[in-house]
Amino acid sequence: MTLIKSISGIRGTIGGKPGEGLSPLDLVKFTAAYATWAKEKANKEKITIVVGRDARISGEMVSSIVVSTLSGMGCNVVNIGLATTPTTEIAVTEEKADGGIILTASHNPKQWNALKLLNSAGEFLDAEEGAKVLAIADAEDFSFAEVDDLGTVVEKDYTDIHVQHVLNLELVDVEAIKKANFSVAVDAVNSVGGVAMPALFKALDIKNIVEINCEPTGHFAHTPEPIPENLVETAEIISKNKVDVGFVVDPDVDRLVIINEDGSMFNEEYTLVAVADYVLSQTPGNTVSNLSSSRALRDVTEKHGQSYSAGMVGEVNVVAKMRETNAVIGGEGNGGIIYPASHSGRDALVGAALFLSHLAKSGLKCSELRKTYPDYFISKNKIELTPEIDVDGILVKMQEKYAHEEVTATDGVKIDFVDSWVHLRKSNTEPIIRIYAEAKSSAEADKLAQQMIDEMKSLL
């Protein structure tokens, strides 16, 4: 059993004793703590909170507890049921709510679930706000409402509102997409993307949609993280069906991975690169990704005569850096597109619509478009953590060892070499150290990553 409390929310495995996993008692405690924080933030007793969930098996149980706890805290609840993470973020602002809770463990396997906490802008809490919620939970410093002050619960569906929001974006060229007469495939790993993504494609008047794993049962058809080793079968289906482009999303639909018409990978790092290329061709401005993302975004940004910056890993950190630099497009190299003209959250629907606009205007095949971008190769690895491992001590030693190189230590340790880089950091969402390395070839990236793994293991 695992329970992880971080700025990314409260994440854990379902079952076990309280405090060891995400048990019903833990759900009540953290929901009540969040409601207490939200009331203090809004400076009023009667607040409104939006709740949405992905399709994982535990979703209905978790949702019923969270919604009831919020009502028990005197909060009015807008329960939007099955909804993507970006749908829930949009619903918070549409409802003029005081916050939101998204029930999803994102790319984690089916035994996991989580509370992702939003502020009144529909954005994730920052580190200070998250720490405050955790402190309230630890102290159990909350008070439930008396019977006459219980909150109300209303149920709404926000998928169509989200889809229309995407269609209304200036750079989403609906006519160009219709004219291109695309056929598309989508793999939604049996979660809520199976509802949202086909709805988007139908609204874009795409006639031929190949739906793969689109029944939202929560029984994930493959390991839910949308990385190449989990998408072999999906790629074969896409190639066999001769569609123009394939899209894959994670269970909460904030990550978008593209597969070319021939079944080859566009590469998750290049979702942001391609979308940024399109946005920058229409709207000059700066870009941002995180320290673990490809240099290709920097190259494309500079090609357009604009400036690139890197933020710490974590959506809230990337959004902060985007605001600081007035970025017009940004995100994370895991396929997370953040387009401020829409909202400040990763959104696979926005990403897919912008990419289809780009593909339509380019007149190229998907694989041909990919070849227009510089080639970098990332090797993504991890070391499982045990309680006795001193991660911070190991990272300090690695920083000292490579002090003669360009080192960034704001978020773990990133070492930039002339033609490559490596980023070593403790995950916010899993008990692991992530080791990402990028170079001009897969072999070089793998070799650099393995060298770092060996060096770190020698320090254990």
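Parameters and conventions
- All residue numbers refer to positions counted from 1 along the written sequence of the respective chain.
- Reporting of local features is limited, given that this is a predicted model, to residues whose pLDDT is at least 70; pairs of side-chain atoms are given and counted only at 80 or more, and all residues count toward the totals for whole chains, interfaces and linings.
- Based on all heavy atoms of the structure, the side-chain values leave hydrogens and waters out of the count.
- Here, the term nonpolar core denotes a set of buried Ala, Val, Leu, Ile, Met, Phe, Trp, Tyr and Cys residues that are joined through side-chain atoms within 4.5 Å.
- The buried label goes to any residue with under 20% of its type's maximum accessible area, the exposed label to any with over 50%, and the partly exposed label to all in between, with areas taken from a 1.4 Å probe on protein chains only.
- Where helices and strands are cited, they refer to DSSP runs of H or I of at least four residues and of E of at least two residues respectively, numbered from the N terminus.
- Two residues qualify as a contact provided that any one of their heavy atoms is within 4.5 Å of a heavy atom in the partner residue.
- Angles shown run from 0 to 180 degrees and are taken between the N-to-C directions of axes, each axis being a line fitted to C-alpha atoms and, for helices, limited to the stretch in contact.
- Convention used here: angles under 35 degrees read as roughly parallel, angles over 145 as roughly antiparallel, angles from 65 to 115 as roughly perpendicular, and any remaining angle as oblique.
- Residues are sorted three ways: Asp, Glu, Lys and Arg are charged, Ala, Val, Leu, Ile, Met, Phe, Trp, Tyr, Cys and Pro are nonpolar, and all the rest, Gly among them, are polar.
- Note on pairing: two strands pair once DSSP finds at least 2 bridges between them.
- Residues adjacent in sequence count toward polar contacts only when both atoms are side-chain atoms; beyond that, a polar contact is any pair of N or O atoms within 3.5 Å, and within protein one must be able to donate a hydrogen and the other to accept it.
- Using only the protein atoms, space was sampled on a 1 Å grid; points where a 1.4 Å probe fits but cannot get out form cavities, open sets with protein on both sides within 12 Å along at least five of seven lines form pockets, and lining residues are those with an atom within 4 Å of a point.
- Grid points are joined across faces, edges and corners, and a volume is the space filled by probe spheres set on the points.
- Only the six-membered ring of Trp is used, alongside the rings of Phe and Tyr, when aromatic pairs are assigned; centres must lie within 6.5 Å, and planes under 30 degrees apart are stacked while those over 60 apart are edge-to-face, with the rest tilted.
- Ring-over charges, as used throughout, are those where CZ of Arg or NZ of Lys falls within 6 Å of the ring centre and within 35 degrees of the ring normal.
- Summarising the geometry, the arc corresponds to the directions from the helix axis toward the C-beta atoms.

Colleague: Which parts of the structure should I look at to understand the nonpolar core?
Modeller: The nonpolar side chains of a soluble globular protein tend to be buried with one another. F201, F247, F355 and L356 are the most contacted members of the largest nonpolar core, which has 59 residues in total. When residues of this core are assigned to their parent elements, the largest contribution, ten residues, is made by helix α12 (residues 348–362). Setting aside anything within four residues of it in sequence, one finds F355 in contact with V245, F247, I258, F266, A274, V275, C366 and L369. Counting 32 residues, the second largest nonpolar core, distinct from the first, contains A32, I49, V67 and A137.

Colleague: Which parts of the structure should I look at to understand unusual backbone geometry?
Modeller: Residues apart from glycine generally show negative phi values, whereas peptide bonds are mostly found in trans. Although it is not a glycine, V189 sits at a positive phi angle of roughly 45°. Mapped onto the secondary structure, V189 falls in the loop between β8 (183–187) and α7 (193–203). Using a relative accessible area of 0% as the deciding quantity, one classes V189 as buried. Of note in this structure, N190 is not a glycine but carries a positive phi near 55°.

Colleague: Which parts of the structure should I look at to understand the packing of helix α9 (residues 269–282) against helix α10 (residues 296–303)?
Modeller: When two helices pack together, their arrangement is captured by the angle between the axes and the distance separating the axes. Direction vectors running N to C along α9 and α10 enclose 10°, while the axes themselves pass 9 Å from each other. As judged from the angle between their axes, α9 and α10 are roughly parallel. Counting all contacts with α9, which are made through Y270, L272, V273, A276, D277 and L280, the residues of α10 involved are A296, L297, V300, T301 and K303. Class assignment of the residues belonging to the contact of α9 with α10 gives a composition of eight nonpolar, one polar and two charged.

Colleague: So what exactly am I meant to see when it comes to the sheet that holds strand β15 (residues 336–338) here?
Modeller: Strands belonging to one sheet form pairs held by backbone hydrogen bonds; the direction of such a pair is parallel or antiparallel. As summarised here, the arrangement of the four strands in space is β13-β12-β14-β15, forming an open sheet in which the pairing is mixed. Each edge of the open sheet carries a strand with a single partner, namely β13 (308–311) and β15. On average, each strand axis in the sheet is tilted by 20° relative to the strand beside it, whichever way the strands run. Where strand β12 (residues 286–290) meets β13, four bridges bridge the pair, whose relative direction is parallel. Bridge pairing in β13 links S289 to A310. Against the sheet, α9 touches β12, β14 (327–332) and β15, its axis set at about 175° to β14. Each of β12, β13, β14 and β15 is contacted by helix α11 (residues 315–325), which is oriented at about 160° to β14, the strand it contacts most.

Colleague: Explain the environment of Y376 here, please?
Modeller: Looking at the element boundaries, Y376 is found in the loop between α13 (366–370) and β16 (377–384). Measuring from C-alpha to C-alpha, the distance between Y376 and Q450 comes to 17 Å, with 74 residues separating the pair along the chain. Only 2.7 Å separates the side chain of Y376 from the side chain of D299, close enough to count as a polar contact.

Colleague: Got a minute to help me understand the environment of N119 in this structure?
Modeller: Relative to the helices and strands, N119 resides in the loop between β6 (112–118) and α4 (127–139). For N119, a relative accessible area of 14% gives the class buried. In sequence terms N119 and A449 are 330 residues apart; their C-alpha atoms lie 37 Å from each other.

Colleague: Mind showing me how you'd approach the pairing of strand β18 (residues 413–416) here?
Modeller: Note on strand geometry: in a regular strand, side chains alternate between the two faces of the sheet. Burial of β18 is two-sided: the residues V413 and I415 facing one way and the residues K414 and D416 facing the other way are all buried. Looking at chain direction, strand β17 (residues 406–408) and β18 are connected through three bridges and run antiparallel. Along β18, the bridge assignment pairs E406 with D416. Two strands pair when backbone bridges link them, and β18 and strand β19 (residues 421–426) are joined in this way by four bridges, in the antiparallel orientation. Of the residues in β19, the one forming a bridge with K414 is H423.

Colleague: It is not clear to me how empty space enclosed by the protein should be interpreted in this structure. Could you clarify?
Modeller: Over the atoms a probe the size of a water molecule is rolled, and this reveals where empty space is left. Enumeration over the complete set of coordinates arrives at two cavities of 30 Å³ or more. Computed from the structure, the second largest cavity encloses a volume of approximately 30 Å³. Surrounding the second largest cavity, E269, L272, V273, S289, S293, S294, L297 and G333 form its lining. With three residues, α9 is the single largest residue contributor to the lining of the second largest cavity. A class-by-class count of the residues in the lining of the second largest cavity yields three nonpolar, four polar and one charged.

Colleague: Any chance you could explain the packing of aromatic side chains here in plain terms?
Modeller: Aromatic ring pairs are reported here in terms of the distance separating the ring centres and the angle at which the planes meet. For the coordinates displayed, the defined rule picks out six aromatic pairs. Aromatic side chains F201 and F247 sit 5.5 Å apart centroid to centroid with 25° between the ring planes, which places their arrangement in the stacked category. Here F247 lies in strand β10 (residues 245–249) and F201 lies in helix α7, a separation of 46 residues in the sequence. On the basis of relative accessible area, F201 is assigned to the buried category, the value being 0%. For F247, a relative accessible area of 0% puts it in the buried group. When the centroid spacing of 6.2 Å and the interplanar angle of 90° are considered together, the rings of F247 and F355 count as edge-to-face. With F247 in strand β10 and F355 in helix α12, this residue pair connects regions lying 108 residues apart in the sequence. Every member of this aromatic cluster is reached through a ring pair, and the members are F201, F247, F266 and F355. Over the ring of Y270 we find R370; its NZ or CZ atom is 3.6 Å from the centre of that ring.

Colleague: Would you take a moment to explain helix α14 (residues 391–401) for this structure?
Modeller: Every α-helix carries 3.6 residues per turn, so stepping three or four residues along brings you back to the same face. Taken together, the buried positions of α14 are V391, I394, L395 and M398. Looking straight down α14, one finds its buried side chains confined to an arc of 95°; they lie on one side. Exposed residues lying more than 90 degrees from the buried face of α14 are D392 and E400. Considering only its buried residues, α14 is in contact with β18, β19, β20 (432–439) and α15 (442–457).

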